[in-house]
Amino acid sequence: MEIKDLTLDREGLIEAIATEDAAFDEQLRAAAYRTKIATVGEKVYLRGLIEISNICVKNCLYCGIRHDIPCQRYELSDDEVLSAAQAAARRHFGSVVIQGGERTDAAFIRKVTRLLKAIKAIDTGEDPPLGITLSLGEQPREVYQEWFEAGAHRYLLRIESSNPNLYRRIHPDDPLHSYERRMQAILDLKEIGYQAGTGAMIGVPFQTTQDLADDLLLYKKLDVPMVGMGPYNPHPDSPLTLSGATYPTAERRFTLGLKMIALLRLLMPDINIAAATSLEALSDSGRVKGILSGANVIMPNVTPEEQMIKYNLYDRKTLVRDGSLKLSLPDDIPVGYGAWGDSLHFKR
Ligand code: 5AD
Ligand code: SF4
């Protein structure tokens, strides 16, 4: 397959995803990187990732912190969250992401509201104050509204798969795990005024090439300003792993992860695309390879190490350590220090 023959309709995407032609893949990634530079620019934007709690009410079949997995649970104190945010500010990251398992108890919701206000009040020594992205699952619309008013301006809620049938195969069959409810939550976030991001896992059991193409087309249809998607990595104790369902090799999942980024950059040139942590778990400098394939955001983990190792979503996740600032980004890739790095697409 030749890059000049690539079309971005469903057929073309399916063909590009299916091919295992390394020369084509390399051309595709280079083309996407050129498009990234021409549209959203050379800079990479950083968000300090704060994993606030691994307590979760849900039971997604692939996840290592699902409710029914016996693991040690934690919740960061207010002070721990604020220290992590301050550390991100000192490193001039410009933004933080507060991510956690899904919780809808009133105490947690109030805590997040309180923390949003406190993080907004941190003196970064720069203008603007820290930007805040939330990734705390499905919540009632009023809660999204409350958090928006308290200072969050971006929200990441992955659809996990654009195919409702595949969604049902990798989640328990109950009202807490509804594709329709999840889609509605994404629409709620958009309506409230968030820069709402979504995404899906790449290389999960039962997923077809068509599903992956449809994931990309869904992002386009939803017209989201940001996407965070990444390879599936099995967790040894998850029901999906224990079921013996098969999935692509680690090498293939990594290649597919980069390819999906590249295709999305060509399909939606001016959005923010994150190079997910799960790329790093599969390959050294996996996130930098994501950047060189068209992504423009990296989320270095600033969670205190003692708790970070308990946020064990999948195999090798907790081996990704971001203590150093450099993240092995090549010297010729500039970083957007101190900036929010909002989606150009959203501004337009
Ligand atoms: N492999 C890759 N990603 C996973 N996630 C959860 N479990 C896994 C896994 N086994 C992702 C989901 C979720 C995000 C918090 O982590 O996509 O949205
Ligand atoms: Fe909870 Fe998210 Fe894991 Fe699902 S993927 S069980 S919502 S932490």
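One can find the structure itself at the top, above this paragraph.
Everything numeric in this text was worked out from a predicted model, so none of it was measured.

**A closer look at the overall build of the chain**
And step 1. Within the chain, the secondary structure is distributed over 14 helices and nine strands.
And step 2. Taken against the 2.2 N^0.38 rule, which gives 20 Å for 348 residues, the C-alpha radius of gyration of the chain at 19 Å falls within 12% of a compact globule.
And step 3. For the chain, the C-alpha atoms occupy an extent of roughly 55 × 45 × 35 Å along the three principal directions.
And step 4. Across the 348 residues in the chain, those meeting the buried criterion constitute 60%.
And step 5. Here the contacts in the chain between residues at least 6 apart in sequence split such that 75% fall between residues at least 24 apart.
And step 6. Counting every atom, the chain has about 13900 Å² of accessible surface; 52% of that belongs to carbon and sulfur.

**Some thoughts on the pairing of strand S8 (residues 272–275)**
And step 1. The two faces of S8 match: Asn272 and Ala274 on one face and Ile273 and Ala275 on the other face are all buried.
And step 2. Here strand S7 (residues 226–231) pairs with S8 via four bridges, running parallel. Residue pairing for S8: methionine 229 is matched across the bridge by alanine 275.

**Let's talk about the nonpolar core**
And step 1. One finds Ile119, Leu134, Trp147 and Leu216 to be the most contacted residues of the largest nonpolar core, which totals 98 residues.
And step 2. The element contributing the most residues to this core is helix H10 (residues 250–267), with 10 residues.
And step 3. Excluding residues that lie within four positions of it along the chain, tryptophan 147 makes contacts with Ile109, Val112, Thr113, Leu116, Leu134, Leu136, Gln139, Ala152, Tyr155 and Tyr194.
And step 4. Ranked by size, the runner-up nonpolar core spans six residues in total, among them Tyr45, Ala274, Val297 and Met299.

**Re the pairing of strand S5 (residues 195–198)**
And step 1. The two faces of S5 match: Gln195 and Gly197 on one face and Ala196 and Thr198 on the other face are all buried.
And step 2. Looking at chain direction, strand S4 (residues 154–156) and S5 are connected through three bridges and run parallel. Within S5, the position partnered with leucine 156 by the bridge is glycine 197.
And step 3. Relative to S7, S5 runs parallel, the two sharing two bridges. Residue pairing for S7: threonine 198 is matched across the bridge by valine 227.

**Regarding the environment of methionine 299**
And step 1. Here methionine 299 lies in the loop between strand S9 (297–298) and helix H13 (305–308).
And step 2. The exposure class of methionine 299 is buried, given its relative accessible area of 17%.
And step 3. Sequence spacing of methionine 299 and glycine 230 is 69 residues, and the spatial spacing of their C-alpha atoms is 13 Å.
And step 4. Once you skip the residues sitting within four places of it in the chain, methionine 299 turns out to touch Arg47, Leu49, Val97, Ala274, Arg287 and Asp322.

**Section: the site of ligand 2**
And step 1. Around ligand 2, a shell composed of Cys56, Lys58, Cys60, Tyr62, Cys63, Ile65, Arg66 and Gly101 is seen.
And step 2. Of the residues contributing to the shell around ligand 2, the split by class is five nonpolar, one polar and two charged.

**Re the packing of helix H3 (residues 78–90) against helix H4 (residues 106–120)**
And step 1. Put simply, H3 and H4 touch, their axes get as near as 11 Å, and they point 35 degrees apart. In this structure, H3 meets H4 at a crossing whose hand is right-handed. For the pair formed by H3 and H4, the contact residues are Asp78, Val81, Leu82 and Ala85 on the first element and Lys111, Arg114, Leu115, Ala118 and Ile119 on the second.

**Looking at the site of ligand 1**
And step 1. What surrounds ligand 1 is the set Tyr62, Cys63, Arg158, Glu160, Met201, Pro231, Tyr232, Asn233, Leu313 and Tyr314.
And step 2. Here a nitrogen atom of ligand 1 sits 3.1 Å away from a polar atom, N or O, in the main chain of tyrosine 62.
And step 3. Separating an oxygen atom of ligand 1 from a side-chain N or O atom of arginine 158 is a distance of 2.7 Å.
And step 4. Bound to the protein, ligand 1 loses 87% of the 400 Å² it would expose on its own.
And step 5. Grouping the amino acids of the shell around ligand 1 by side-chain chemistry returns seven nonpolar, one polar and two charged.

**Points about the packing of aromatic side chains**
And step 1. Evaluated as defined, the whole model comprises six aromatic pairs.
And step 2. Relative to tyrosine 155, the ring of tyrosine 144 has its centre 4.9 Å away and its plane inclined at 70 degrees; by these criteria the two rings are edge-to-face. With tyrosine 144 in helix H5 (residues 141–149) and tyrosine 155 in strand S4, this pair connects stretches of sequence that are 11 residues apart.
And step 3. For tyrosine 144, a relative accessible area of 0% puts it in the buried group.
And step 4. We classify tyrosine 155 as buried; its relative accessible area is 0%.

Cut-off values and rules
Residues numbered from 1 in each chain as written. Chains lettered and ligands numbered in written order. Predicted model: local features only at pLDDT ≥ 70, side-chain atom pairs only at ≥ 80, totals over all residues. Heavy atoms only, no water. Helix = DSSP H or I, 4+ residues; strand = E, 2+ residues; numbered from the N terminus. Rg over C-alpha atoms; globule rule 2.2 N^0.38 Å. Buried < 20%, exposed > 50% of the residue type's maximum accessible area, 1.4 Å probe, protein only. Contact = heavy atoms within 4.5 Å. Areas by Shrake-Rupley, 256 points an atom, 1.4 Å probe, with all protein chains shown as cover. Pairing = 2+ DSSP bridges. Core = buried A, V, L, I, M, F, W, Y, C linked by side-chain atoms within 4.5 Å. Near = heavy atom within 4 Å. Nonpolar A, V, L, I, M, F, W, Y, C, P; charged D, E, K, R; others polar. Axes fitted to C-alpha atoms, helices over the stretch in contact; angles between N-to-C directions. Left-handed = near helix turned anticlockwise from the far one by under 90°. Polar contact = N/O pair within 3.5 Å; in protein donor to acceptor, adjacent residues only side chain to side chain. Phe/Tyr/Trp six-rings, centres within 6.5 Å; stacked < 30°, edge-to-face > 60°.

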